[in-house]
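Structural overview for review
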Amino acid sequence: MSVKGTLGPDHIPVNKYSLLIVGLPEITVLSVSGIEEEIDTVDLPDRTKASGGQTQPIEFEITTPTHHTTEQAAMEAWFQESQDPVLPTYKKVGTLVMTSLSGEIARSHSLVGMWPMKRTLPELELANEGELAMTTWSLCVDDILPI
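For the structure given in this document, a descriptive report is provided here. Predicted, not measured: the structure shown is a model, and the values here were computed from it.

**Here's the deal with the overall build of the protein chain**
If you tally the helices and strands in the protein chain, you get 1 helix and 9 strands. Reading the secondary structure of the protein chain in the N-to-C direction produces β-β-β-β-β-α-β-β-β-β. For the protein chain, the C-alpha radius of gyration of 19 Å lies well beyond 15 Å, the compact-globule estimate for 147 residues. Projected onto the principal axes, the alpha-carbon positions of the protein chain cover approximately 55 × 50 × 35 Å.

**Topic: helix α1 (residues 69–81)**
In this model, α1 (13 residues) spans 18 Å end to end at C-alpha, consistent with the 18 Å of a helix rising 1.5 Å per residue. Lining the buried residues of α1 we find β1 (17–21), β5 (58–65), β6 (92–99), β7 (105–120) and β8 (134–141).

**A word on unusual backbone geometry**
The peptide bond linking aspartate 84 to proline 85 adopts the cis configuration, its omega dihedral lying at 0°. Positionally, proline 85 belongs in the loop between α1 and β6. Positive phi, close to 65°, is recorded for aspartate 10, a residue that is not glycine. Topologically, aspartate 10 is positioned in the segment before β1. Of note in this structure, arginine 47 is not a glycine but carries a positive phi near 70°. Its place among the elements puts arginine 47 in the loop between β3 (39–43) and β4 (49–55). Owing to a relative accessible area of 82%, arginine 47 belongs among the exposed residues under this scheme.

**Remarks on the packing of aromatic side chains**
As enumerated under the stated definition, the model contains 2 aromatic pairs in all. Here phenylalanine 79 and tryptophan 137 contribute two aromatic rings whose centre-to-centre distance is 5.7 Å and whose plane-to-plane angle is 75°, an arrangement assigned as edge-to-face. On the criterion of sequence distance, the pair formed by phenylalanine 79 in helix α1 and tryptophan 137 in strand β8 is long-range, its members being 58 residues apart. Taking the relative accessible area as the measure of exposure, tryptophan 137 reaches 0% and is therefore buried.

**Concerning the side chain of lysine 92**
Following the sequence through the fold, lysine 92 ends up in strand β6. Under the relative-accessibility criterion, lysine 92 is labelled buried at 11%. Sequence-distant contacts of lysine 92, that is, excluding residues within four places in its chain, are made with Ile21, Val22, Leu24, Trp78, Glu81, Leu111, Val112, Gly113 and Met114.

Reading the values: rules and limits
Residues numbered from 1 in each chain as written. Predicted model: local features only at pLDDT ≥ 70, side-chain atom pairs only at ≥ 80, totals over all residues. Heavy atoms only, no water. Helix = DSSP H or I, 4+ residues; strand = E, 2+ residues; numbered from the N terminus. Rg over C-alpha atoms; globule rule 2.2 N^0.38 Å. Expected span 1.5 Å × (residues − 1). Contact = heavy atoms within 4.5 Å. Buried < 20%, exposed > 50% of the residue type's maximum accessible area, 1.4 Å probe, protein only. Phe/Tyr/Trp six-rings, centres within 6.5 Å; stacked < 30°, edge-to-face > 60°.

Written out as C-alpha cells, the structure is:
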C-alpha cells in the first residue's frame, strides 16, 4: 500500500521533539516511548464492554545521556522528591512539543502530575565498542491535555 499523495505536507518527524519539565533545567531526552492513555472498561453480561469513565495511570519512559552530569543531578533530585518523605513538589508539569519539518510547533501536550517512578542505569559491558550510556527514567502522569 502506498501513502504517496495521501499525506499532507509538513509532517511531524519522530526525531523533532522536546520534553520540557517545569522546575528542571532543559533535559536532553534521547527517546520517548509511546505514551498510552487508556479508559477503564467494564465487562457487561452480554459480553460487550462499556466505559468505566476514568483513565488508567499513564506511564512512559525516557532515556537521557548518562554523562550529562547536571541533567542527571536534576533528575536524581526529582527522583528523591518522590521518595519517603515524599515532598509536595514531587509532581511536576511537563510539555511534550512535537515540531514539523518546517520548524512549526505541530502538536503539544501538557503532562500534568508527572513524576519519576523508576530509574534504570545503563547496561555495561567491557566488550562493547563504546556506545553511548543512557539512563532510562520511567515516568507516571496523572493527565495528558492537548494544547
